[in-house]
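# Secondary and tertiary structure notes
Okay, here's what each chain looks like letter by letter:
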Amino acid sequence: MDLKNKESNTTTKHTEVKMNEITVFVERLKKIGIQIELASNVPWIYLDKVNGVRIKPEDWYNANHGYCIAYHGVKAGEGPHLNWNSMDVTFKLIRKYKNLNNHL
C-alpha cells in the first residue's frame, strides 16, 4: 500500500501547474470576456492581439517590435513577470481593442 501512495503522490507532483502572474492576468481577463494573445522574443513578452484584433504599430509606445506587456525572468529562478510600470496604458489599450472586432 505504501508503494501505491508513493506512486500517486509522484504523479500528482508532475501534473501540478504553477501559475505565474501573467497566466493569472490572462485567465482573469478571460473571465470578463477579454481574450488576449501574447507573443515573445526573450526577454520581452508582447501583447499581440485583443479579442482577435492585432495591436497596431502606432500603439507600440514602449517597444519597437510590439507592445511590451511583460518580461521573462533574466535571473536564475526568476519567472516571467508583468510590466507593472505601464499597466495603466496596458488597460487603456485593452479597452481600445476589445470591441474593435465588432466594428470591422
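Bear in mind the structure is a predicted one, so any value in this text is a computation, not a measurement.

## Description of the overall build of the protein
When its secondary structure is counted, the protein shows four helices and five strands. When the helices and strands of the protein are placed in sequence order, the string is α-α-β-β-β-β-β-α-α. In the protein, buried positions account for 27% of the 104 residues. For the protein, long-range pairs separated by at least 24 residues make up 45% of all intrachain contacts whose partners lie at least 6 apart in sequence. Working note: accessible area of the protein is about 7,600 Å², and carbon and sulfur atoms make up 53% of it.

## Let's talk about the confidence of the model for the protein
Any segment with low pLDDT has predicted coordinates that should not be analysed in fine detail. Confidence in the prediction for the protein averages 80 pLDDT; 77% of positions are at 70 or higher. Note on residues 1–16: pLDDT under 50 across the span, and zero contacts to partners over four residues away in sequence or across chains.

## Examining the pairing of strand S4 (residues 67–71)
With respect to burial, S4 is a largely interior element, four of its five residues being buried. Pairing of strand S2 (residues 44–50) with S4 involves four bridges; the strand directions are antiparallel. Its bridge partner being in S4, Ile45 is matched across the sheet by Ala70. Of the strand pairs in this sheet, S4 and strand S5 (residues 81–82) are connected by two bridges, and their pairing is antiparallel. Its bridge partner being in S5, Tyr71 is matched across the sheet by His81.

## Let's talk about the pattern of salt bridges
A pair can form between side chains of opposite charge whenever their charged atoms are brought close. Using the criterion set out here, one finds three salt bridges in the structure. The salt bridge involving Asp48 is made with Arg54; its shortest N-O contact spans 2.8 Å. Arg54 gets classed as partly exposed once you look at its relative accessible area, which sits at 47%. Across the pair Lys96 and Asp59 runs a salt bridge, and its minimum N-O distance is 3.0 Å. Residue Lys96 is found in helix H3 (residues 87–98), and its partner Asp59 is found in the loop between strand S3 (53–54) and S4; the two are separated by 37 residues along the sequence. Judged by relative accessible area, which is 44%, Lys96 ranks as partly exposed. With relative accessibility at 15%, the residue Asp59 sits in the buried group.

Parameters at a glance
- Residues numbered from 1 in each chain as written.
- Predicted model: local features only at pLDDT ≥ 70, side-chain atom pairs only at ≥ 80, totals over all residues.
- Heavy atoms only, no water.
- Helix = DSSP H or I, 4+ residues; strand = E, 2+ residues; numbered from the N terminus.
- Buried < 20%, exposed > 50% of the residue type's maximum accessible area, 1.4 Å probe, protein only.
- Contact = heavy atoms within 4.5 Å.
- Areas by Shrake-Rupley, 256 points an atom, 1.4 Å probe, with all protein chains shown as cover.
- pLDDT = per-residue confidence, 0-100.
- Pairing = 2+ DSSP bridges.
- Salt bridge = Lys/Arg side-chain N within 4 Å of Asp/Glu carboxyl O.

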